[in-house]
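One-letter residues, chain by chain:
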Amino acid sequence: MKLNKSYANCRVRRYLLIFTALSLLLLPLSLIYLVWNEQLQKIKGYEINNETGLSLIPDYAIQSLSADEMQEMSVRMEARLNRLKDKCSEFGLDVLGQDTWHTPNTWEFLVNKKYHIIWCNVFKAASSSWMFNFNVLAGYTPNYLLKTKKILLNLARERYPRVTLQELREAQNNSITFIIARNPFERLLSAYRDKIVFALPYSFHDKLGRSIVRNYRKKPKLISRAGNTKYPTFPEFVHWLIDQVKRGNYIDMHFVSATSFCTPCLIRFDMILKFESLAEDQLYLIEKTGLQRVIAPVWRNMGKGGRKTQELQQQFYSQLTKQEMLELYNYYQYDFDLFDYDIKEYLQYARADEVADAVASGV
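What comes next concerns the included structure. (Residues numbered from 1 in each chain as written. Predicted model: local features only at pLDDT ≥ 70, side-chain atom pairs only at ≥ 80, totals over all residues. Heavy atoms only, no water.)

## What about the pattern of salt bridges?
On inspection of all chains with the given rule, the structure shows 16 salt bridges. Glutamate 108 serves as the salt-bridge partner of arginine 162, at 3.5 Å between the closest nitrogen and oxygen. Of the two residues, arginine 162 is situated in the loop between helix H5 (152–159) and helix H6 (165–172) and glutamate 108 in the loop between helix H2 (67–91) and strand S3 (109–112); the sequence distance between them amounts to 54 residues. Owing to a relative accessible area of 34%, arginine 162 belongs among the partly exposed residues under this scheme. Here glutamate 108 falls in the buried class, since its relative accessible area comes to 1%. With a closest N to O distance of 3.3 Å, aspartate 206 and arginine 210 form a salt bridge. Placement of both aspartate 206 and arginine 210 in helix H8 (residues 204–216) is noted, with a separation of 4 residues, approximately one turn of the helix. Relative accessible area serves as the criterion here: at 35%, arginine 210 is assigned to the partly exposed category. (Salt bridge = Lys/Arg side-chain N within 4 Å of Asp/Glu carboxyl O. Helix = DSSP H or I, 4+ residues; strand = E, 2+ residues; numbered from the N terminus. Buried < 20%, exposed > 50% of the residue type's maximum accessible area, 1.4 Å probe, protein only.)

Next up, the structure:
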């Protein structure tokens, strides 16, 4: 009996010694890992802010504008805001009403109260880049965001709950609110290619594309331009979109008018960035918000297919008749006018209307 008790005590002492040895071994390894991880962040161009936990960009890597450039940017922003105000008044969009054009929409605003910055996310207008930035401001590390398979919008919404109009206006009192504008037709084409042409198999947009093909491919006005692809041609897609607008149906957030989506005539904006001058515009925004060491002005998701924008515009919009283009413009007109874009270049691409074709052929 005594032998068994002595043997048991011996085993207990042995396990304690093993546990102590492992603890002494793992503690230094844990410390080494923490130090290594911090150094790795620095090697990748980041430091760790011990107060906020954010990865910081080192001083030598910060991009900035000169004092003269900041002044020029200030004048540019003021001119854009003045145009917005004038056009809102001209079209009566600054008056409350019952439709989507006259009702403040806070659905896609991301409000960061800690860093006093608010963004209305217009999809396909540098949205991937700034969704990344807002996730960084929410505490996700750049390394995690680059590796994760999770959708960045979903990650953001975990930390940026949707706000009411009153909550938004309260947050605006000490924040900079901005929007990124893009030529409406260029944005629409980008959305069509990204969400329809390159739709993920069995996704919502893949199913939507197949539905458009079933309903529009054999229409008389489109049959001469029908393709043999599983996704709708650009004219088929445009006819579907115009029909959705005429019927008053819900417009997908990737295709919807930015004016309807962010209601800039009813919600105050402090800055209007533009897709075409984003390199300078976002540097100005980053400096004005004091986030130079947190946000890098990097442009992500530059598009699919590797084709130049101008070449793509001509290739796809030349498939539309002038009448189709004007109907499309009728929906996006406020985006064109409020943010100072012009349809004239696109009208030059338009093919002859079917009536003109018929007359020319002697029908």
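## Re the packing of H8 against helix H9 (residues 234–247)
Remark: H8 packs on H9, axes separated minimally by 10 Å, with the N-to-C direction vectors making an angle of 90 degrees. Of the possible angle classes, the one that applies to H8 and H9 is roughly perpendicular. Where H8 abuts H9, its residues Leu208, Ile212, Val213 and Tyr216 lie against Glu236, Phe237, His239, Trp240, Asp243 and Arg247. Residues belonging to the contact of H8 with H9 are distributed by class as follows: 6 nonpolar, 1 polar and 3 charged. (Axes fitted to C-alpha atoms, helices over the stretch in contact; angles between N-to-C directions. Parallel < 35°, antiparallel > 145°, perpendicular 65-115°, else oblique. Contact = heavy atoms within 4.5 Å. Nonpolar A, V, L, I, M, F, W, Y, C, P; charged D, E, K, R; others polar.)

## Brief notes about H9
With 14 residues, H9 extends 20 Å between its outermost C-alpha atoms, agreeing within 8% with the 20 Å of an ideal straight helix rising 1.5 Å per residue. The buried fraction of H9 is high, at 11 of 14 residues. Every buried residue of H9 is listed here: Phe234, Pro235, Glu236, Phe237, Val238, His239, Trp240, Leu241, Ile242, Asp243 and Gln244. After H9 finishes, the residue glycine 248 shows a positive phi value of roughly 75 degrees. (Expected span 1.5 Å × (residues − 1).)

## Some thoughts on the nonpolar core
Counting 97 residues, the largest nonpolar core has Trp130, Phe178, Phe185, Phe237, Phe255, Tyr317 and Leu328 as the members making the most contacts within it. Apart from the residues within four sequence positions on either side, phenylalanine 185 is in contact with Gln313, Tyr317, Met325, Leu328, Tyr329, Tyr332, Phe336, Ile343 and Tyr346. (Core = buried A, V, L, I, M, F, W, Y, C linked by side-chain atoms within 4.5 Å.)

## A few points about unusual backbone geometry
The general pattern is negative phi for most residues beyond glycine and trans for most peptide bonds. One non-glycine residue, histidine 116, lies in positive phi territory at about 55 degrees. Structurally, histidine 116 can be placed in the loop between S3 and strand S4 (117–120). The class of histidine 116 is partly exposed, set by a relative accessible area of 34%. Despite not being glycine, lysine 124 has its phi angle at roughly 70 degrees, a positive value. Among the structural elements, lysine 124 can be located in the loop between S4 and helix H3 (127–137).

## Here's the deal with the state of the cysteines
Under the criterion given, the structure shown has 2 disulfides. Between cysteine 88 and cysteine 265 runs a disulfide, and the two sulfur atoms are separated by 1.9 Å. Residues cysteine 88 and cysteine 265 share a disulfide whose torsion about the S-S bond is about -75 degrees; that sign makes it left-handed. One end of the pair, cysteine 88, is in helix H2; the other, cysteine 265, is in the loop between helix H10 (258–262) and strand S6 (271–274), and 177 residues separate them in sequence. The same class applies to cysteine 88 as to cysteine 265, namely buried. Put simply, cysteine 120 and cysteine 262 are joined by a disulfide, and their sulfur atoms are 1.9 Å apart. Across the S-S bond of cysteine 120 and cysteine 262 the torsion is about -85 degrees, and the bridge reads as left-handed. Of this pair, cysteine 120 sits in strand S4 while cysteine 262 sits in helix H10, and the two are 142 residues apart along the sequence. Considered together, cysteine 120 and cysteine 262 belong to a single accessibility category, that of buried residues. By sequence-ordered numbering of the bonded cysteines, the chain has its disulfides arranged as 1-4, 2-3. (Disulfide = S-S within 2.5 Å.)

## As for the packing of aromatic side chains
Overall, the coordinates contain 28 aromatic pairs when judged by the stated rule. Ring centres of tyrosine 140 and tyrosine 144 lie 5.8 Å apart, and the angle between their planes is 15 degrees; on these two criteria the pair is classed as stacked. Residue tyrosine 140 is classed as buried on the basis of its relative accessible area, which comes to 7%. Among the aromatic side chains, those forming a connected cluster through ring pairs are Phe185, Tyr192, Phe234, Phe237, Trp240, Phe255, Phe316, Tyr317, Tyr329, Phe336, Tyr346 and Tyr349. It is arginine 159 that lies over the ring of tyrosine 140; its NZ or CZ is 3.8 Å from the centre. Between arginine 182 and the ring centre of phenylalanine 275, over which it is positioned, the NZ or CZ distance is 3.8 Å. (Phe/Tyr/Trp six-rings, centres within 6.5 Å; stacked < 30°, edge-to-face > 60°. Lys NZ or Arg CZ within 6 Å of the ring centre and 35° of its normal.)

## Focus on the packing of helix H7 (residues 184–197) against helix H12 (residues 309–317)
Contact geometry of H7 with H12 gives a least axis separation of 11 Å together with a crossing angle of 80 degrees. By the criterion of interaxial angle, the relationship of H7 to H12 is roughly perpendicular. Facing H7, whose interface residues are Phe185, Glu186, Leu188, Leu189, Tyr192 and Arg193, H12 presents Thr309, Leu312, Gln313, Phe316 and Tyr317. The class makeup of the residues in the contact of H7 with H12 is 7 nonpolar, 2 polar and 2 charged.

## Observations regarding the pairing of S6
A two-sided burial pattern is seen for S6, the buried positions comprising Met271 and Leu273 on one face and Ile272 and Lys274 on the other. Pairing between strand S5 (residues 176–181) and S6: 4 bridges, direction parallel. When the sheet's bridge partners are listed, phenylalanine 178 is paired in S6 with methionine 271. (Pairing = 2+ DSSP bridges.)

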